[in-house]
Amino acid sequence: MTGFPNLLADATDKGFWMPPQASDYAANVDALFYFILALSVFFFVLLMALTGYFAVKYRESPTNRRSSPMSHNFKLEFLWSAIPTVLLIVIFAWGFRDFTALSATPADALELRVVGQRWNWTVSYPKLDRECTSQSLPNGDNIVDIYLPEGRPFTVQMSSQDVLHSFWIPAFRVKRDVLPNRYTGFTVTPTRPGSYPIYCAEYCGDSHSHMKGVVHVLTAEQWQKEFIESDKCKLDPKSPDYKPKLFAKYGCNACHGVKPEQGIIVGPNLHGVVAKGTEQTSAGPVKVDDAYLRESIEYPEKKIVDGFAGKNMPSFKGRLKEEELSALIDYIKSLN
Ligand code: CUA
């Protein structure tokens, strides 16, 4: 992660207000956008000019009275219905063609799975056994870095752990809602090496604006060397940063600070909770030990720390493997 890229920093050759066109799909979207824009400008100027012209030319004055207005003009009425109809059909056909292209997935497409949760993205490569989890920056951003090869189509299958999110890569001109209990997706081909921002485009709660990512488009050789042959996005239980990565993978970091300076994000700050010994909860004072930490992860509503009622932490019962649960408890105990 080398900082969050500026959306327009390296804006395009093709227009001063658009992010770079970094996918094969981008030019389609921009062409249709500019077509609709040009059409709207043309008719706006034409109609306003005619309105002004007629208002002056046919204004009422003592020498100019028009008491018998015309009621029908078939030719005129036909034209102002037929011309917009044809234009709308053109826009529909053009949009429909491009829209369906998003669903055409070639056999050699790289498969990605995107999971949205409050408030970070997890992107995994099921065939490559990689899973990119997001990192928390000091400014509160949760950023997932993903890596794609230039020129090879990729397809995403997306779902949400909780509420509606929307996966948006402006430089690729793709944005699709991410829903609980349903899969959505698209297929495009990155065409321009570089680093481009990913956003959540559906308001999903407090830290919606921090739910971000960066897609790194690499040349095929670079991708081979810097991703496939590296340990990026590998979650290895033996690696020293396994536990904090696990903490981020399940989104714990979105609500719980682990350093004193992070303060209260949403839920209690976990720094020093074990050392503190007891916690005042909705069920009275509780000794903070492995059993209590485990219970709080699986059944968070049972003993809510005083002052945190109504924060609604989701239950992680059944979502964590036993080893992961132990690793998370060890991690929380190490926060001193
Ligand atoms: Cu997720 Cu907004």
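See the structure above.
Just so we're clear, the structure is a prediction, and the values are computed from it rather than from any experiment.

Caption draft 1: Spatial organisation of the overall build of the protein chain. Helix and strand counts for the protein chain stand at seven helices and 13 strands. Relative to the compact-globule value of 20 Å for 336 residues, the protein chain shows a C-alpha radius of gyration of 28 Å, a clear excess of over 25%. Each principal axis of the C-alpha atoms in the protein chain carries an extent, and together these give about 95 × 55 × 35 Å. Counting all 336 residues of the protein chain, 40% fall into the buried class. A sequence separation of at least 24 residues applies to 60% of the contacts in the protein chain between residues at least 6 apart. For the protein chain, the accessible area works out to roughly 19,200 Å², and carbon and sulfur atoms hold 60% of it. Charged side chains of the protein chain number 36 positive and 36 negative; the gap between the two group centres comes to 6 Å.

Caption draft 2: Just the packing of helix H6 (residues 290–298) against helix H7 (residues 322–333), in detail. Two numbers describe how H6 lies on H7: the axes approach to 10 Å, and their chain directions differ by 120°. In terms of orientation, H6 and H7 fall into the oblique class. The interaxial crossing formed by H6 with H7 has right-handed handedness. Together, Asp290, Leu293, Arg294, Ile297 and Glu298 of H6 and Glu322, Leu325, Ile329, Ile332 and Lys333 of H7 make up the contact between the two elements. Class assignment of the residues belonging to the contact of H6 with H7 gives a composition of five nonpolar, no polar and five charged.

Thresholds, definitions, all that
- Residues numbered from 1 in each chain as written.
- Predicted model: local features only at pLDDT ≥ 70, side-chain atom pairs only at ≥ 80, totals over all residues.
- Heavy atoms only, no water.
- Helix = DSSP H or I, 4+ residues; strand = E, 2+ residues; numbered from the N terminus.
- Rg over C-alpha atoms; globule rule 2.2 N^0.38 Å.
- Buried < 20%, exposed > 50% of the residue type's maximum accessible area, 1.4 Å probe, protein only.
- Contact = heavy atoms within 4.5 Å.
- Areas by Shrake-Rupley, 256 points an atom, 1.4 Å probe, with all protein chains shown as cover.
- Lys, Arg positive; Asp, Glu negative; His and termini not counted.
- Charge placed at Lys NZ, Arg CZ, Asp CG, Glu CD.
- Axes fitted to C-alpha atoms, helices over the stretch in contact; angles between N-to-C directions.
- Parallel < 35°, antiparallel > 145°, perpendicular 65-115°, else oblique.
- Left-handed = near helix turned anticlockwise from the far one by under 90°.
- Nonpolar A, V, L, I, M, F, W, Y, C, P; charged D, E, K, R; others polar.

Remember, this is a structural readout, not a statement about activity or role.
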